[in-house]
Amino acid sequence: YEEDSSGSDDLSSDLQEYRFLFTLENNSLEHNPLSLIYRYTGVNYDDNRQGDDLIHQLQLKWKNEISPHFYTVLGAGPSYKKTSGSDENWGGNGTAELSYRVQHGSLLFKLDKGYEADNFSGNGERGIIDTWDASLKLSYQPTRVLTLDTTFGYNYEDRESPSNSDDTSTNQSGTTKQRYS
């Protein structure tokens, strides 16, 4: 084995990413629809030194329309994630939502938890991330043709075992990223 100092040991950034979403809705319960949601994400890297990623998420979601102005959504389910060359992991995913509507506006609070494949982070890290997203949306419609929207958001990402295109070793402590908008 000869080490090449020209940098040819860098991991290739070429990949194929597959996503699939399937939703089954049951609207037979008036004002209380149920949904079953399945999400699949698969990532195949061209470079065999990079472990391929696989994510399966199943969620049962219930919407409760309490009144014409107020509804809630609750959902939860199991998540399965696997990276080639490492142990499989089971986790959970979920969603919670509160919405209040008035004559000329609305207020929406939403919290989501799940897993995503992050292959275009801008810093060379790739792999599965555990995400938490919270948002608060305010909407006001002063006239029929004008609506004013504003959204406040918070995103928390935890990468348990990042892989870096400049370093083939893994960091067991992981990385954490927080974003406000």
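1. Some thoughts on the pairing of strand β4 (residues 70-83)
Thinking step 1. Bridging between strand β3 (residues 53-65) and β4 involves 11 bridges; their strand directions are antiparallel. Bridge assignment links L60 to a residue of β4, and that residue is A76.
Thinking step 2. Between β3 and β4, which follow one another and run antiparallel, lie four residues.
Thinking step 3. When β4 meets strand β5 (residues 89-102), the two strands line up antiparallel, connected through 12 bridges. The residue bridging G75 from the neighbouring strand is T95, located in β5.
Thinking step 4. Between β4 and β5, which pair antiparallel and follow one another directly, the connecting turn spans five residues, one of which, G85, has a positive phi of 90 degrees.

2. Quick word on the layout of surface pockets
Thinking step 1. Size it by volume and the second largest pocket reaches roughly 290 Å³.
Thinking step 2. Taken together, 17 residues line the second largest pocket, and the ones lying closest to its centre are R39, Q59, G94, D112 and K113.
Thinking step 3. Those elements that place two or more of their residues in the lining of the second largest pocket are β3, β5, β6 (105-118) and β7 (125-143).
Thinking step 4. With six residues, the single largest contributor to the lining of the second largest pocket is β6.
Thinking step 5. Each residue belonging to the lining of the second largest pocket can be placed in one class, and the counts come to two nonpolar, seven polar and eight charged.

3. As for the packing of aromatic side chains
Thinking step 1. What the rule picks out here adds up to two aromatic pairs.
Thinking step 2. Residue placement shows K63 over the ring face of Y71; its charged tip is 4.3 Å from the ring centre.

4. Regarding the pairing of β3
Two faces belong to every sheet, and in a regular strand the side chains alternate between them.
Thinking step 1. In the sheet, strand β2 (residues 34-45) pairs with β3 via 10 bridges, with the strands oriented antiparallel. Bridge pairing in β3 links I37 to Q59.

5. Regarding the confidence of the model for the protein chain
Thinking step 1. Confidence along the protein chain averages 82 in pLDDT terms, with 74% of residues attaining 70 or more.
Thinking step 2. Across the protein chain, β5 holds the top mean pLDDT of 95, while strand β9 (residues 163-164) sits lowest at 44.
Thinking step 3. Here residues 1-8 scores under 50 on pLDDT; set against residues more than four positions off or in separate chains, the count is three contacts.
Thinking step 4. Here residues 162-173 scores under 50 on pLDDT; set against residues more than four positions off or in separate chains, the count is 27 contacts.

6. Focus on a nonpolar patch on the surface
Thinking step 1. Taken together, F20, F22, L24, L36, L58 and L60 make up a surface patch of nonpolar side chains, about 570 Å² in accessible area.
Thinking step 2. Within the residue set of the nonpolar patch, elements represented by two or more residues are β1 (15-26) and β3.
Thinking step 3. With three residues, β1 is the single largest residue contributor to the nonpolar patch.
Thinking step 4. Structurally, F22 can be placed in strand β1.
Thinking step 5. Exposure remark for F22: the relative accessible area of 47% places this residue in the partly exposed category.

Conventions and cut-offs
Residues numbered from 1 in each chain as written. Predicted model: local features only at pLDDT ≥ 70, side-chain atom pairs only at ≥ 80, totals over all residues. Heavy atoms only, no water. Pairing = 2+ DSSP bridges. Helix = DSSP H or I, 4+ residues; strand = E, 2+ residues; numbered from the N terminus. 1 Å grid on protein atoms, 1.4 Å probe; cavity = no way out; pocket = protein on both sides within 12 Å on 5 of 7 lines; lining within 4 Å. Points joined across faces, edges and corners; volume = space filled by probe spheres on them. Nonpolar A, V, L, I, M, F, W, Y, C, P; charged D, E, K, R; others polar. Phe/Tyr/Trp six-rings, centres within 6.5 Å; stacked < 30°, edge-to-face > 60°. Lys NZ or Arg CZ within 6 Å of the ring centre and 35° of its normal. pLDDT = per-residue confidence, 0-100. Contact = heavy atoms within 4.5 Å. Patch = residues over 30% accessible without salt bridge, like charges linked within 9 Å, V, L, I, M, F, W, Y side chains within 5 Å. Areas by Shrake-Rupley, 256 points an atom, 1.4 Å probe, with all protein chains shown as cover. Salt bridge = Lys/Arg side-chain N within 4 Å of Asp/Glu carboxyl O. Buried < 20%, exposed > 50% of the residue type's maximum accessible area, 1.4 Å probe, protein only.

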